[in-house]
Amino acid sequence: MKTPNYLSKLACMLCLVCFSSLKNFAQSPNIILILTDDMGYADVGFNNGASDIATPNLDNLANNGAIFSSAYVVHPFCGPSRAGLMTGRYPHEFGAQFNLSDSDITNGVDTNETFFSTVLQNANYNTGIIGKWHLGQPDGYRPNQRGFDYFYGMLTGGHNYYTKTSANGGINGAYNRDLRRNEGLANESTGEYITDLFTDEGVTFINNAESNDSDPFFLFMSYNAPHTPLQALDSDKIALTSAPFNYTYTDNNRHNYAAMVYSVDRGVKKLVDALVANGEFDNTLIVFLSDNGGRTDRGALNTPLRGVKGDTFEGGFRVPMFMHWPNQIPAGVTYPYNVSALDLYPTFASLAGATIPSSKEVDGKNIINNVINNTDARTDESIYSIRHRRINNVGIRRGNLKAFTTGNGTWFLYDLNTNISESNAQNLANNPAYQDILNEMINDAYQWSLTHIEPIFFDSYGFPPAVRNSAEATWFNNNSSNNPSNTVSWQERTFDGFTTLSIEGIEINQQVSGYIYPNPVSDISLSIKFNETITDEINAVVYDALGRTVQMEKNLLKTSANITALKLSSNITNGNYFVKITAGNKSFSKAIIIDRN
Ligand code: CA
């Protein structure tokens, strides 16, 4: 991240040093990453989930591995979640906050971001992705150009479940495009069920990888199931209502959805069988998770979590997940601590003995020893999700706590240990005992948000001009730092009133509200805007991160009834500071970042 969090970076480095002596892992295991699409938290058996869903093969792996009860993806819908997964970095930091539109054949995820597939490929892994890509269609952005030796599937965000049949869903018929094999078309036959097609491709990949050479493989099974359109095989639907399951469904969406999940589960058995047949089952790490929460209007269930795909409630970005690796990862355990999909990048790289380029920024952390030892990988560290709409939905998870806002300035705080469903009846945001931790969490998210850049692409690409312009104008008008009329950044609006930190000896009472801009500060002159007319003399004190006074200014000159300017001392170096503004008996404080680069 651009924001220097020196202590956490130092802690990371120290951890890497001490972890390396903790345990010697079997080096360079095969890795299979199974990612489902829009699958709900309740829609796997191993999460004590729904009573009408059958995932016996996933459950078998999960119950013989570690189940993650608090696993988070970085965004509550497909594209940004996948961009975060592949880069190990929050997508907001490299302009991938929005989905790539299926009509967009111009843009992709910034190629300066090295995907972990490239890191594994450079470590002699045979790498393959089967299924959904959704990270860029133009030359330079496709799977074979981003670390995958083999690709079979679609570049777009979804597909019909029967090949070469009539268009159904997607933009401009994108869901009906022919599948691709590497840089060409797959020439698949008509009417194949693509979940089974993908499974069979995965089995072939495993067999080929094993017969070609002795190098390990990385296989990314990127199933688009159970994303819409809800198209299930009749045989799977019948299986679920027959012995041994004997489920009944009152909702046909749910029946179709459950059957689509079941088809993935059948596929997982075939993948496992292929590993066993090749003698590689014990030497393969299998990681399973969903790319975001489920759509309850399309058959999914996220219970007991509140919210759905697209939300920053738990149901939007907390997902089912497990890791399975015989004799390496403990069997039959639940890992209860918070993990992020960002963690897979450095974890996989470490297990592969691979080198992450020194210039690559990674927000996740290598969690393998934490998983083995069942210890918390991020004590006192927050996990974030921000989904930009007209306002900015934010979710912050730290320890047991979850802070949430729709972006309107009202914050909620839930203790997920006692209130996993985020009931507002148990909102702790106004409980004095939680003020400091809530302020800290929100300020963490605020500081993180200052590292975001403008989106490189919008999900409205290819829509009719009125729609597209409206969607992009919403960003420009409300959130863009390039809009000269935005004297207040979206960060200041979203995090208003909480952009402070408690520092011993500094009063931070928000007796008057106001803004400091721009922030990060690149110039020596700061504007300070109050939300009310100020008649008293205005004074300012600048503190460094240790609470030491580095500058005091008295009687700042007002440029209007509620705006004044502060000229920063040129002696103040780049870093994090706090500015306390006092006017009469009122004051407010803001965290600022000085970055003159
Ligand atoms: Ca998705």
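Refer to the structure above for everything that follows.
Keep in mind the model is a prediction, meaning the values are calculated, not measured.

What counts as what
Residues numbered from 1 in each chain as written. Predicted model: local features only at pLDDT ≥ 70, side-chain atom pairs only at ≥ 80, totals over all residues. Heavy atoms only, no water. Helix = DSSP H or I, 4+ residues; strand = E, 2+ residues; numbered from the N terminus. Rg over C-alpha atoms; globule rule 2.2 N^0.38 Å. Buried < 20%, exposed > 50% of the residue type's maximum accessible area, 1.4 Å probe, protein only. Contact = heavy atoms within 4.5 Å. Areas by Shrake-Rupley, 256 points an atom, 1.4 Å probe, with all protein chains shown as cover. Lys, Arg positive; Asp, Glu negative; His and termini not counted. Charge placed at Lys NZ, Arg CZ, Asp CG, Glu CD. Pairing = 2+ DSSP bridges. Axes fitted to C-alpha atoms, helices over the stretch in contact; angles between N-to-C directions. Salt bridge = Lys/Arg side-chain N within 4 Å of Asp/Glu carboxyl O. Phe/Tyr/Trp six-rings, centres within 6.5 Å; stacked < 30°, edge-to-face > 60°. Lys NZ or Arg CZ within 6 Å of the ring centre and 35° of its normal. Core = buried A, V, L, I, M, F, W, Y, C linked by side-chain atoms within 4.5 Å.

(A) Fine view of the overall build of the protein chain. Looking only at helices and strands, the protein chain has 13 helices and 23 strands in total. Since a compact globule built from 597 residues should have a radius of gyration of about 25 Å, the 25 Å found for the protein chain is in line with a globular shape. For the C-alpha atoms alone, the extent of the protein chain along its principal axes is close to 80 × 60 × 50 Å. Taking all 597 residues of the protein chain together, 57% fall into the buried category. Residue pairs at least 24 apart in sequence account for 69% of intrachain contacts in the protein chain once pairs closer than 6 positions are excluded. Put simply, the protein chain shows about 22,800 Å² of open surface, and 49% of that area lies on carbon and sulfur atoms. Here the protein chain contributes 42 positively and 58 negatively charged side chains, and the mean placements of these two sets differ by 5 Å.

(B) Quick peek at the sheet that holds strand β16 (residues 514-517). Overall, antiparallel pairing links the 4 strands, which are arranged β16-β17-β21-β20 in an open sheet. At either margin of the open sheet sits one strand with a lone partner, and together these are β16 and β20 (558-560). Strand-to-strand, the axes of this sheet are offset by a mean angle of 25°, without reference to chain direction.

(C) Here's a closer look at the environment of Gly202. With respect to the helices and strands, the residue Gly202 is situated in helix α5 (residues 194-212). With relative accessibility at 0%, the residue Gly202 sits in the buried group. Residues Gly202 and Ile130, 72 residues apart in the sequence, show an inter-C-alpha distance of 6.6 Å.

(D) Molecular detail of unusual backbone geometry. Of the consecutive residues Ala225 and Pro226, the connecting peptide bond is found in the cis state with omega at -5°. By the element assignment, Pro226 lies in the loop between β7 (217-222) and α6 (234-241). Although it is not a glycine, Asn327 adopts a positive phi angle of roughly 65°. Along the chain, Asn327 falls in the loop between β9 (318-324) and β10 (333-335). Judged by its relative accessible area of 67%, Asn327 is exposed. With a phi close to 55°, Asn374 is a non-glycine residue in the positive phi region.

(E) Summary view of the pattern of salt bridges. Summed over all chains, the structure comprises 29 salt bridges. Taking the shortest distance from any N to any O, the salt bridge between Arg82 and Asp37 comes out at 3.5 Å. Taken together, the residues span a long stretch of sequence, with Arg82 in helix α3 (residues 78-87) and Asp37 in the loop between β1 (30-36) and α2 (56-63) at a distance of 45 residues. Residue Arg82 is classed as buried on the basis of its relative accessible area of 2%. You can call Asp37 buried: its relative accessible area is 0%. Close ionic contact of Arg254 with Asp52 constitutes a salt bridge, the shortest N to O distance being 2.7 Å. Here Asp52 lies in the loop between β1 and α2 and Arg254 lies in helix α7 (residues 252-277), a separation of 202 residues in the sequence. Both residues of the pair, Arg254 and Asp52, count as buried. A cluster of three or more residues bridged by salt bridges with shared partners is formed by Arg89, Glu93, Glu113, Lys360 and Glu361.

(F) Representation of the packing of aromatic side chains. Following the criterion strictly, the structure yields 33 aromatic pairs and no others. Seen in terms of ring centroids, Tyr72 and Phe317 are 5.1 Å apart; in terms of plane orientation they differ by 50°. Their pairing is tilted. Taken together, the residues span a long stretch of sequence, with Tyr72 in strand β2 (residues 66-72) and Phe317 in helix α8 (residues 314-317) at a distance of 245 residues. On the numbers, 5.5 Å between centres and 15° between planes, the contact of Phe288 with Phe322 is stacked. With a gap of 34 residues between them, Phe288 in strand β8 (residues 284-290) and Phe322 in strand β9 connect regions that are remote in the sequence. Accessibility classification places Phe288 together with Phe322 in one group, the buried group. Of the aromatic side chains, those joined through ring pairs into one cluster are Phe115, Phe116, Trp133, Phe148, Phe218, Phe220, Tyr345 and Phe348. Its end group placed over the ring of Phe115, Arg146 keeps NZ or CZ at 3.8 Å from the ring centre.

(G) Inspection of the nonpolar core at higher detail. Counting residues in hydrophobic clusters, the biggest one holds 84 residues, and the most contacted among them are Phe68, Phe218 and Leu289. With sequence-adjacent residues up to four places away left out, Phe68 is seen in contact with Val319, Met321, Phe322, Met323, Tyr335, Val339, Ile367 and Val371.

(H) Looking closely at the sheet that holds strand β15 (residues 412-415). Pairing in this open sheet of 4 strands is antiparallel, and the strands run β12-β13-β14-β15 from one edge to the other. Each edge of the sheet is formed by a strand with only one pairing partner; in this case those strands are β12 (383-388) and β15. Mean inter-strand twist for the sheet, computed between neighbouring axes without regard to direction, equals 15°. Inspection of the sheet shows β12 paired to strand β13 (residues 392-398) by 6 bridges, in the antiparallel sense. When the bridges of β13 are listed, Ser385 appears paired with Gly395. Where helix α11 (residues 435-449) meets the sheet, it contacts β12, β13, β14 (401-405) and β15, and its direction lies at approximately 120° from that of β13.

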